[in-house]
Amino acid sequence: AINMLGLAKRVKAKILQASTSEVYGDPKVHPQSEAYWGHVNPIGLRSCYDEGKRCAETLFFDYRRQHNLRIKVARIFNTYGPRMHPNDGRVVSNFIVQALKNEPITVYGDGKQTRSFCYADDLINGLIRLMDTPDEFTGPVNIGNPGEFTISELAEKVLVLTGSTSKIVFKPLPSDDPVQRCPDISLAREMLGWSPRVALDDGLAKTIEYFRTVAI
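Here the structure is a predicted model, which is why all the values come from computation and not from measurement.

What counts, and where the lines are drawn
- Residues numbered from 1 in each chain as written.
- Predicted model: local features only at pLDDT ≥ 70, side-chain atom pairs only at ≥ 80, totals over all residues.
- Heavy atoms only, no water.
- Helix = DSSP H or I, 4+ residues; strand = E, 2+ residues; numbered from the N terminus.
- Rg over C-alpha atoms; globule rule 2.2 N^0.38 Å.
- Buried < 20%, exposed > 50% of the residue type's maximum accessible area, 1.4 Å probe, protein only.
- Contact = heavy atoms within 4.5 Å.
- Areas by Shrake-Rupley, 256 points an atom, 1.4 Å probe, with all protein chains shown as cover.
- Lys, Arg positive; Asp, Glu negative; His and termini not counted.
- Charge placed at Lys NZ, Arg CZ, Asp CG, Glu CD.
- Pairing = 2+ DSSP bridges.
- Polar contact = N/O pair within 3.5 Å; in protein donor to acceptor, adjacent residues only side chain to side chain.
- Salt bridge = Lys/Arg side-chain N within 4 Å of Asp/Glu carboxyl O.
- Axes fitted to C-alpha atoms, helices over the stretch in contact; angles between N-to-C directions.

### Examining the overall build of the chain
A tally of regular secondary structure across the chain gives seven helices and nine strands. Relative to the compact-globule value of 17 Å for 216 residues, the chain shows a C-alpha radius of gyration of 18 Å, a close match. Based on the C-alpha atoms only, the size of the chain along its principal axes is roughly 55 × 35 × 30 Å. Counting every position in the chain, which comprises 216 residues, the buried fraction comes to 45%. Within the chain, contacts between residues at least 6 apart in sequence are counted, and of these 83% link residues at least 24 apart. Just so you have it, the chain exposes about 11,100 Å², and 53% of that area is on carbon and sulfur atoms. The positive charge centre, built from 27 side chains, and the negative charge centre, built from 25, are 5 Å apart in the chain.

Structure, rendered in structure tokens:
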């Protein structure tokens, strides 16, 4: 991030930081707005990612204050869609690959923890709109789908859409795994005129169709 900021300063470019909902950690506020400072364990198993993104945001705003750099900061919530890597470790790709192979679908914890899932096309549209805003608007701004689903609900949807014979198995919840995650997108609606359009069932169907065409 700091190398890219130096480059942007030198060539006088506008620069986007693809930040993350992980800056909110295991949130105590729900849904999460950009004003929320987060609840992050700085030395936990997940902290290198969480704190790395938080540090990058700090650097972006320092360059804005010190050098008047044109910055945009988007806090991206769970994104999915065609061309995901089968082994990227994300819950959507994990579930789809397991279902297509008729292998057990692994749910960590009791499956009641919630996430919001934003289709890739919606995310891209939001990022383009953010880059088109006046220089005075820097963000951070949440880009995500406010539709909230439990992990168990996601697993059931994948089973139905794939026609899989997989069974759902439950495993221990990893350390510091957030219980709830859902964006407040009021700012994106106001400043970007943006809200997601692709429903989860429709996006999953397109993603599953892609995974059927690749070697798994």
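### Some details on the pairing of strand E2 (residues 71–76)
Summarising burial for E2: six of the six residues are buried, a large majority. A two-sided burial pattern is seen for E2, the buried positions comprising Ile71, Val73 and Arg75 on one face and Lys72, Ala74 and Ile76 on the other. In terms of strand pairing, strand E1 (residues 15–20) meets E2 through six bridges, oriented parallel. Among the inter-strand pairings, Ile15 is bridged to a residue of E2, identified as Ile71.

### So, the side chain of Gln98
As for its placement among the helices and strands, Gln98 is situated in helix H3 (residues 91–100). A polar side-chain atom of Gln98 sits 3.1 Å from a polar atom in the side chain of Thr106. In this structure Gln98 touches Glu103, Pro104, Ile105, Thr106 and Ser166, once residues within four positions along its chain are discounted.

### Description of the pattern of salt bridges
Under the definition given, this model contains seven salt bridges. In this structure, the salt-bridge partner of Glu22 is Arg46, at a minimum N-O distance of 2.9 Å. Here Arg46 lies in the loop between E1 and helix H2 (47–67) and Glu22 lies in the loop between E1 and H2, a separation of 24 residues in the sequence. Under the relative-accessibility criterion, Glu22 is labelled buried at 14%. Take Arg46: its relative accessible area is 24%, and that puts it in the partly exposed class. It is possible to trace a salt-bridge network through shared partners that takes in Glu22, Arg46 and Arg181.

### Overview of the environment of Trp37
Tracing the backbone through its elements, the reader meets Trp37 in the loop between E1 and H2. For the pair Trp37 and Val23, spaced 14 residues apart in sequence, the C-alpha to C-alpha distance is 8.0 Å. Contacts of Trp37, omitting those with residues within four sequence positions, involve Val23 and Arg54.

### Some points on the sheet that holds E2
In spatial order, the strands read E1-E2-E7; together these three strands make up an open sheet with parallel pairing. Two strands bound the open sheet, and with one partner strand each, they are E1 and strand E7 (141–143). Sheet twist, expressed as the average angle between the axes of neighbouring strands with direction ignored, equals 35°. Of the strands in this sheet, E1 and E2 are in contact with H2, which crosses E1 at around 150°. The strands touched by helix H4 (residues 120–131) within the sheet are E1, E2 and E7, with E2 carrying the most contacts at an inclination of about 155°.

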